[in-house]
Amino acid sequence: GDSELERRFQAKIDADEKIEPKDWMPEGYRKTLVRQISQHAHSEVVGMLPEGNWITRAPSLRRKAALLAKIQDEAGHGLYLYSACETLNVSRQELVDQLLEGKAKYSSIFNYPSTTWADIGAIGWLVDGAAIMNQVPLQRCSYGPYSRAMIRICKEESFHQRQGYEIMLTLARGTAAQKRMAQDALNRWWWPSLMMFGPNDKDSPHSAQSMRWKIKRVSNDELRQKFVDVTVPQADFLGLTMPDPALRWNAGSGHYDFGEIDWEEFKQVLQGNGPCNRERMRDRNRAHERGRWVREAALAHAEKRRARAAA
Ligand code: ACO
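As a starting point, this report considers the structure included with it. Sequence order sets the numbering: in each chain, residues are counted from 1 along the sequence as written. Two thresholds apply to this predicted model, a pLDDT of at least 70 for residue-level local features and 80 or more for giving and counting side-chain atom pairs, whereas whole-chain, interface and lining totals are computed over all residues. Hydrogens are left out, water is left out, and the side-chain values use all remaining heavy atoms of the structure.

Here we take up the overall build of the protein. The numbering of helices and of strands both runs from the N terminus, where a helix is a DSSP run of H or I of at least 4 residues and a strand a run of E of at least 2. Of regular secondary structure, the protein possesses 13 helices and two strands. Its C-alpha radius of gyration of 21 Å places the protein within 12% of the 19 Å reference for a compact globule of 311 residues. With the principal axes as the frame, the protein shows a C-alpha extent of 70 × 50 × 35 Å. Within the protein, contacts between residues at least 6 apart in sequence are counted, and of these 77% link residues at least 24 apart. Looking at the protein as shown, the accessible area adds up to about 15900 Å², and 55% of this sits on carbon and sulfur atoms. For the charge count, each Lys or Arg is scored as positive and each Asp or Glu as negative, with His and the chain ends excluded. Here the site of a charge means NZ on Lys, CZ on Arg, CG on Asp, or CD on Glu. Of the charged side chains in the protein, 46 are positive and 40 negative, and the gap between their average positions amounts to 5 Å. Atoms counted for the radius of gyration: C-alpha only. Globule rule: 2.2 Å times residue count to the power 0.38. Contacts between residues were defined by any pair of non-hydrogen atoms, one from each residue, lying within 4.5 Å. We get accessible surface area from the Shrake-Rupley algorithm with a probe of 1.4 Å; when it comes to residues, only the shown protein chains can shield them.

Below is the structure:
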């Protein structure tokens, strides 16, 4: 019966074997993956919006080309992830509809505004830096299609992180006004970046089961701590100050201690009340409408070819 199937399934996971689309899996495992992978895909897609805001105003041709390439990569990441999700018996249409109707979650971070060019630097450095920290262990996720998608995505994210850090370095070594702009961006993006890792482990409803299933390999708090530990020295190198008076090196633990996250702000953003939630949903819906003719043309073309091949 099912309990014997479940026992064999868990044994496979414990032996670090991958689960593939046609393998038997518990319904809870399938649902958890659909939830996480689709939220991840939506994040990639919505994540294009705050950066898209700066394509026309990038300060040089080189910066513009790099930004365009990065945003296209994110569209690609969304597509691999929707495809990985489709192997779990859910249609892309259904997932996209959930996003457009405001029923699906996407990362809290993309509900903050990108008001200056330095924000493009801070997003690459911090947001993509946090994304890599979270995604590297997902390359070892127990579900084959998700783990393989992550390998390519991580390579591209590391280019994104470097382009962001390089923008920050240029600004931090520039005029006093440029350095102030970089510091201001760090002040605004630091705490929201820490929130990307999700609630504290003790408040994370999905963590324990996802760890047993090896969907998650490292916990929210451990990843957040690793991110703080690698990022603080990078801020020091830039000559910028972290906006956290409680931040200090703890020689005993070998980690940086840091202040309490404003979980009320996190909750508000998840409930749709962040600074840009409404704007993001409006823009995403508008972009989807504007792309309708392309989807219709592609479908009509595919239909014609099918008819011609059948004739
Ligand atoms: N923004 C929005 N929602 C979040 C966030 C966040 N930063 N962190 C946690 N949540 C949500 C979870 O999705 C979950 O909601 P749900 O029950 O309605 O689905 C709820 O808060 C509880 O959190 P957890 O129990 O910790 O949930 P989970 O085990 O899924 O862990 C995490 C959250 C770490 C984000 C996990 O889903 C994950 O690793 N996802 C893949 C990576 C990803 O999505 N990255 C997107 C941003 S990076 C980028 O796009 C460039």
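Glancing now at the site of the ligand. In this text, near means that some heavy atom of the residue lies within 4 Å of the molecule or strand in question. Around the ligand there are 28 residues in total, and Q39, K105, S204, H206 and K216 lie nearest to it. Measuring from an oxygen atom of the ligand, one finds a side-chain N or O atom of R35 at 3.0 Å. Counted as a polar contact is a pair of N or O atoms within 3.5 Å, where, for protein atoms, one must be capable of donating a hydrogen and the other of accepting one, and residues adjacent in sequence contribute only when both atoms are in side chains. Between the ligand and P205, the relevant distance is 3.3 Å, taken from an oxygen atom to a main-chain nitrogen or oxygen of the residue. Here the ligand has 970 Å² of accessible area as a free molecule, and 89% of this is covered by the chains. By residue number, the principal contributor to the shell around the ligand is helix α2 (residues 27-46), which donates six residues.

This paragraph deals with helix α8 (residues 176-195). The first and last C-alpha atoms of α8 sit 30 Å apart over 20 residues, in line with the 28 Å expected at 1.5 Å per residue. Bend, in this description, refers to the angle at a residue between axes fitted to the seven residues ending there and the seven starting there. Bending of α8 peaks at approximately 35° at the position of W189, with proline P192 no more than four residues after it. Throughout this description, buried means an accessible area under 20% of the type-specific maximum (1.4 Å probe, protein chains only), exposed means over 50%, and partly exposed covers the range between. Within α8 the residues assigned to the buried category are A182, Q183, A185, L186, W189, W190, W191, P192, S193, L194 and M195. Looking at the buried residues of α8, the elements they touch are α6 (117-138), α7 (144-172), α10 (220-238) and α11 (263-270). Expected helix span is taken as 1.5 Å per residue step, with the number of steps being one fewer than the number of residues.

It is worth spelling out the side chain of K214 at this point. For K214, the position within the fold is in the loop between α9 (207-212) and α10. A residue is classified by how much of its surface remains accessible, and K214, at 16% relative accessible area, is buried.

The backbone of D16 shows a phi angle near 65°, a positive value even though the residue is not glycine. Its place among the elements puts D16 in the loop between α1 (2-14) and α2. Classification of D16 by relative accessible area gives partly exposed; the value is 49%. Not every positive phi belongs to a glycine, and N89 is a case in point at roughly 65°.

This part covers the nonpolar core. Think of a nonpolar core as a cluster: buried Ala, Val, Leu, Ile, Met, Phe, Trp, Tyr and Cys residues, connected wherever their side-chain atoms sit within 4.5 Å. In terms of nonpolar packing, the biggest core is built from 79 residues, with Y29, I37, Y143, Y146, W189 and W190 touching the most fellow members. In terms of residues, this core owes the most to one element, α6, which gives 11 residues. What W189 contacts, discounting residues up to four positions off in sequence, is I109, Y112, P113, S114, D119, A122, I123, L126 and V127.

On to α6, then. In this model, α6 (22 residues) spans 31 Å end to end at C-alpha, consistent with the 32 Å of a helix rising 1.5 Å per residue. Taken as a whole, α6 carries its principal kink of about 35° at I123. The buried fraction of α6 amounts to 20 of the 22 residues, a majority that puts the element mostly inside the structure.

Time to look at the environment of I153. Among the secondary structure elements, I153 is positioned in helix α7. Residues I153 and T241, spaced 88 residues apart in sequence, show a C-alpha to C-alpha distance of 30 Å. Those residues in contact with I153, other than ones at most four positions away along the chain, are E44, H77, Y80, L81 and Q135.

Our next topic: the packing of aromatic side chains. Stacked, edge-to-face and tilted labels apply to pairs of Phe, Tyr and Trp rings (six-membered ring for Trp) whose centres lie within 6.5 Å, assigned for plane angles under 30 degrees, over 60, and everything in between, in that order. Going through the model one piece at a time under the given rule, you end up with 11 aromatic pairs. Centroid distance F9 to Y29: 4.9 Å. Interplanar angle 75°. Geometry classified as edge-to-face. Taken as a pair, F9 in helix α1 and Y29 in helix α2 lie far apart in primary sequence, 20 residues in all. When its relative accessible area of 0% is taken as the criterion, Y29 is described as buried. The interplanar angle of 70° and the centroid separation of 5.0 Å between the aromatic rings of W249 and Y256 together place this pair among those described as edge-to-face. For W249, a relative accessible area of 48% puts it in the partly exposed group. Among the aromatic side chains, those forming a connected cluster through ring pairs are F9, W24, Y29, Y143 and W213. Positioned above the aromatic ring of W54, the side-chain terminus of R57 is 3.9 Å from the ring centre. Distance and angle both matter: a charge sits over a ring if NZ of Lys or CZ of Arg is within 6 Å of the ring centre and within 35 degrees of the ring normal.

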